[in-house]
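# Chain and residue survey
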Amino acid sequence: MVGQAGFFDADERLRALSAAGDPLERLRAVVDFEAFRAELEAGLPRADRSRGGRPPYDAVLMFRVLVLQALYTLSDEQTEYQLRDRLSFMRFVGLALHDPVPDAKTIWLYRERLRRAGALARLFARFDALLAERGYLAMGGQIVDATVVEARRPRLTQEEKRRLREGGTPEGWSKARERQIDRDGRWTIKRGRKAPPGDAQRQAMGEIAVPVFGYKNHLGIDRGHGFIRRFTVTHAARHDGSQLGAVLDPENTGSGVWGDVAYRSKANVALLERRGLAPQFQRAKPRGRSMPAHVARGNATRARVRSLVEHVFAAQKRRMGLIVRSIGLARATARITLANLVYTMRRLVWIEGRTAPA
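Rules behind the numbers
Residues numbered from 1 in each chain as written. Predicted model: local features only at pLDDT ≥ 70, side-chain atom pairs only at ≥ 80, totals over all residues. Heavy atoms only, no water. Helix = DSSP H or I, 4+ residues; strand = E, 2+ residues; numbered from the N terminus. Buried < 20%, exposed > 50% of the residue type's maximum accessible area, 1.4 Å probe, protein only. Polar contact = N/O pair within 3.5 Å; in protein donor to acceptor, adjacent residues only side chain to side chain. Contact = heavy atoms within 4.5 Å. Salt bridge = Lys/Arg side-chain N within 4 Å of Asp/Glu carboxyl O. 1 Å grid on protein atoms, 1.4 Å probe; cavity = no way out; pocket = protein on both sides within 12 Å on 5 of 7 lines; lining within 4 Å. Points joined across faces, edges and corners; volume = space filled by probe spheres on them. Pairing = 2+ DSSP bridges. Right-handed = clockwise from strand over helix to strand, strands pointing away. Expected span 1.5 Å × (residues − 1). Arc of directions from axis to C-beta. Core = buried A, V, L, I, M, F, W, Y, C linked by side-chain atoms within 4.5 Å. Phe/Tyr/Trp six-rings, centres within 6.5 Å; stacked < 30°, edge-to-face > 60°. Lys NZ or Arg CZ within 6 Å of the ring centre and 35° of its normal.

Here Asp240 lies in the loop between strand 4 (228–235) and helix 12 (244–247). The class for Asp240 is buried, based on a relative accessible area of 12%. Within the structure, the side chain of Asp240 is placed 2.9 Å from the side chain of Lys216, a separation counted as a polar contact. Once you skip the residues sitting within four places of it in the chain, Asp240 turns out to touch Asp145, Ala146, Lys216, His218, Asp260, Ala262 and Tyr263.

Right under this line is the structure:
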């Protein structure tokens, strides 16, 4: 018969988690979350405690909660549940078994206050500065790209769509209905290749086009380390090349800028020349003709560098399961900002784990 004391021994279970290689413990060891305290407290209003009431949660503790939420793409309700259920989550944020757990409303309000204060962008900039202080300077040039982040699709009739396009409100809509419809997101076509069933040859693969609703995460990473250095968020239909100036990092020590065909335009090439940067953009296949051999070789060389940015999108969409559950561009930007910040934190953990002595 198992004794009751051993069954409830939380410390023993935490030691077992550590021995198994708890990734959250490693994240907290590598990232100095206290370095964000000044930006966090500056973005949060000071509560009037003269009337009593429960004291507010620590700002850094709540920031770790948001990091968990972005890391696993959890809703506010699921975040509350997992904090109550998982010892590794509790240890990461700094909660003991007897401590009260932030509820879903508290988590939402904390994130919302940071968003309204513009603090999330400052937190991202602060971490970028911390990377530089630790010797991870932006170097080797930069790679730019964009990806669509799906949001909840609005279910509308053709008449409702027409009224919304004209800037009006469909008849019969209540205030609650208006708040539930995302007017900032846009539809776009996502193109890709799908392998046919069976063991068919790859040249038989056909292109597919899938309509997607949501927002677009435009970002630039440094070639040297793969950290996200700059980003901007738009609706999904915005052209990738239009955001080049917003994602260029002036601190990067390299001159090369890699991007796909969408970034190759006279305006973008002129922009890079004014900044002393060298465009390394893919070239499009001539219409109705085969790709010249020298152009194909150049594209292949550039693609080997440019493909590094796909690791970012794969990590965010596959491992983190990034989607937008909120409504509106401002809240979508907050979600994607946190996802970009958390990805960069994970990248730092991976790099330092790889270079650590055996």
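This part takes up the pattern of salt bridges. The tally for this structure, following the rule as stated, stands at 21 salt bridges. When the shortest N-O distance is used, the salt bridge between Glu166 and Arg162 registers 2.7 Å. Residue class for Arg162 comes out partly exposed when judged on its relative accessible area of 32%. Through salt bridges with shared partners, a single network forms among Asp128, Asp222, Arg229, Arg230 and Asp249.

This next bit is on empty space enclosed by the protein. Tallied over the entire structure, the rule returns 2 cavities of 30 Å³ or more. The volume enclosed by the largest cavity comes to roughly 130 Å³. As for the largest cavity, its lining consists of Gln69, Ala70, Thr73, Leu74, Arg111, Leu322, Ile323, Arg325, Arg335, Leu338 and Ala339. Every element with two or more residues in the lining of the largest cavity is listed here: helix 5 (59–72) and helix 16 (329–355). Counting residues per element, the lining of the largest cavity draws most heavily on helix 16, at 3 residues.

Let us now look at the pairing of strand 5 (residues 256–259). Taking every second residue as pointing to the same face, both faces of strand 5 are buried, with Gly256 and Trp258 on one and Val257 and Gly259 on the other. Inspection of the sheet shows strand 1 (residues 142–150) paired to strand 5 by 2 bridges, in the parallel sense. Residue pairing for strand 5: Gln142 is matched across the bridge by Val257. In the sheet, strand 5 pairs with strand 6 (residues 278–281) via 4 bridges, with the strands oriented parallel. If you follow Trp258 over to strand 6, its bridge partner there is Gln280. Read as a crossover between parallel neighbours, the route from strand 5 over helix 13 (residues 266–274) to strand 6 is right-handed.

When the terminal C-alpha atoms of helix 14 (residues 293–306) are compared, their 20 Å separation across 14 residues agrees well with the 20 Å that a helix rising 1.5 Å per residue should span. Taken together, the buried positions of helix 14 are occupied by Val295, Gly298, Asn299, Arg302, Val305 and Arg306. Take helix 14 and look down its axis: the buried residues cluster within an arc of 115°, on one side only. Along helix 14, the residues that are exposed and aim more than 90 degrees away from the buried face are Ala293, Arg297 and Arg304. At its buried positions, helix 14 is contacted by strand 1, strand 5, strand 6 and helix 15 (308–319).

Turning next to the environment of Ala129. Mapped onto the secondary structure, Ala129 falls in helix 9 (residues 119–133). Sequence-wise, Ala129 and Val144 are 15 residues apart; in three dimensions their C-alpha atoms are separated by 20 Å.

For Thr157, the position within the fold is in the loop between strand 1 and helix 10 (158–165). Separated by 13 residues in sequence, Thr157 and Pro170 have C-alpha atoms that sit 10.0 Å apart.

Turning our attention to the nonpolar core. One broad trend across soluble globular proteins is that nonpolar side chains are buried collectively. One finds Phe33, Phe36, Leu40, Phe63, Tyr110, Phe127 and Met345 to be the most contacted residues of the largest nonpolar core, which totals 72 residues. For this core, the element with the highest residue contribution is helix 16, accounting for 12 residues. Not counting residues up to four positions away in its chain, the partners in contact with Phe33 are Leu27, Arg28, Val60, Phe63, Arg64, Val67, Phe92 and Met345.

Of note in this structure, Thr73 is not a glycine but carries a positive phi near 50°. Position of Thr73 relative to the elements: it lies in the loop between helix 5 and helix 6 (76–85).

Overall, the coordinates contain 10 aromatic pairs when judged by the stated rule. Where Phe33 meets Phe36, the ring centres are 6.4 Å apart and the plane angle is 45°; that geometry is what we call tilted. As far as the burial class goes, Phe33 and Phe36 line up, both buried. Between Phe36 and Phe127 the ring centres are 6.1 Å apart and the planes differ by 25°, which places this aromatic pair in the stacked class. In this pair, Phe36 sits in the loop between helix 3 (23–30) and helix 4 (37–43) while Phe127 sits in helix 9, placing the two residues 91 residues apart along the sequence. Since its relative accessible area comes to 4%, Phe127 is described here as buried. Within the aromatic cluster, the residues linked to one another by ring pairs are Phe33, Phe36, Phe63, Phe92 and Phe127. Its end group placed over the ring of Trp173, Arg177 keeps NZ or CZ at 5.0 Å from the ring centre.

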